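# Structural overview for review
Listed below are the residues making up each chain.
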Amino acid sequence: MLVSFDDGWGQIFVANADGSGLRQITPTVADDMSDGRYGNFAALSPDGKQLAYTRGGRSIDVITLESGEATTVHEGGYQPVYSPDGSSIAFTSSDGISIMNADGSDARAISTEGSGAKFSPDGSRLIFNVDGYLVEAPTTGGASKVVLRDQFWNSDPAYSPDGSTLVFSSNRGGNNGSEIYSMPAGGGEITRLTATYAVHPQFTPDGSRIFYSRATTQSGELVVDVATSNRSELASMKPDGSDQKRFLPRSITAQYPSIGGGAGTTG
């Protein structure tokens, strides 16, 4: 199993799920999105063989990890994510949420608004953020439905592999930032999983852990208020929020985790 991420400065990396085998996938760039090679929003294919990402803030490229060969599959989109079977990629654009075949063909709009889409485990639906509430829509098109809407800002939704649980980030903790929460997929009690600023939750394929981004100070202290943070790191935890631990050495900044390549081991 592999974990991909970007460092917040335009470079994308992958590592094994136990933190070993770290390697840089995209070129080193200046800290400036005007560099057309700037990479972020990495997404591994389910088999771990390919990686889709946003290049230059506007193009979706796919890299074959073994060969390093890169292909631009779509212009004018970002935040790609693979379907569970690897056949499709959903993405965000100025037009809202769209879906296309993994080779970039047959791109079509699913919703005229929203960002940060993720697939349901069976690939039939997409869940995404619309102005702070969570919305789900069929991948074939059709009426959308609100999954969570309240007075808080909710984003980064992701389902557990068995479809029973929805995790997301929210500012409902009352701090200047967000924490990660979970709730039953069909609705119900919302449970807080992190006590400090954390976003971008993503389950491992076997459902045993959740990877996420969290904010720290330069010395590695976790923060509640995002304004007191100056770096991001990856961490993982059990689905109930226990056993929270740093994924990579503190010297490595990391955000937006994606997992692919099977169950593997998370250390």
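Residues numbered from 1 in each chain as written. Predicted model: local features only at pLDDT ≥ 70, side-chain atom pairs only at ≥ 80, totals over all residues. Heavy atoms only, no water.

An unreviewed UniProt entry lists the chain under the name TolB family protein, with Antrihabitans spumae as the source organism. As stated in UniProt under Sequence similarities (unreviewed entry), the record for the chain gives "Belongs to the TolB family." (UniProt positions renumbered as here; feature names shortened; annotations may be inferred.)

## Concerning the sheet that holds strand 17 (residues 165-170)
As a general point, the strands of a sheet are linked pairwise by backbone hydrogen bonds and lie either parallel or antiparallel. Within the open sheet, the four strands sit side by side as 16-17-18-19. Their pairing is antiparallel. Because the sheet does not close on itself, it has two edges, and the strands there are strand 16 (154-159) and strand 19 (191-192). Alignment of strand 17 against strand 18 (residues 179-184), held across six bridges, turns out to be antiparallel. Note on strand 18: the bridge partner recorded for Ser170 is Glu179. (Pairing = 2+ DSSP bridges. Helix = DSSP H or I, 4+ residues; strand = E, 2+ residues; numbered from the N terminus.)

## Some remarks on the nonpolar core
Within the largest apolar cluster, 13 residues are counted, with the highest numbers of intra-cluster contacts made by Ile97, Ile110, Phe119, Leu126 and Phe128. When residues of this core are traced back to their parent elements, those giving at least two are strand 10 (96-101), strand 12 (115-119), strand 13 (125-130) and strand 14 (133-138). In this view, Phe128 contacts Ile97, Ser111, Glu113, Gly114, Ser115, Gly116, Ala117, Tyr133, Leu134, Val135, Ala137 and Pro157; residues no more than four positions away in its chain are not counted. If you look at the next biggest cluster of nonpolar residues, it comprises twelve residues, including Met1, Val3, Phe247 and Ala254. (Core = buried A, V, L, I, M, F, W, Y, C linked by side-chain atoms within 4.5 Å. Buried < 20%, exposed > 50% of the residue type's maximum accessible area, 1.4 Å probe, protein only. Contact = heavy atoms within 4.5 Å.)

## What to know about the side chain of Asp6
Counting through the fold element by element, Asp6 comes out in strand 1 (residues 2-6). Although Asp6 lies buried, it forms no salt bridge, and the closest oppositely charged side chain, Lys118, sits 12 Å away as judged by the N-O distance. A distance of 2.9 Å separates the side chain of Asp6 from the backbone nitrogen of Gly8, its partner in a polar contact. In this structure the side chain of Asp6 is engaged in a polar contact, spanning 2.8 Å, whose partner is the side chain of Gln255. Residues in contact with Asp6, not counting those within four places in the same chain, are Gln11, Ile12, Gly39, Asn40, Phe41, Thr253, Ala254, Gln255 and Tyr256. (Lys, Arg positive; Asp, Glu negative; His and termini not counted. Salt bridge = Lys/Arg side-chain N within 4 Å of Asp/Glu carboxyl O. Polar contact = N/O pair within 3.5 Å; in protein donor to acceptor, adjacent residues only side chain to side chain.)

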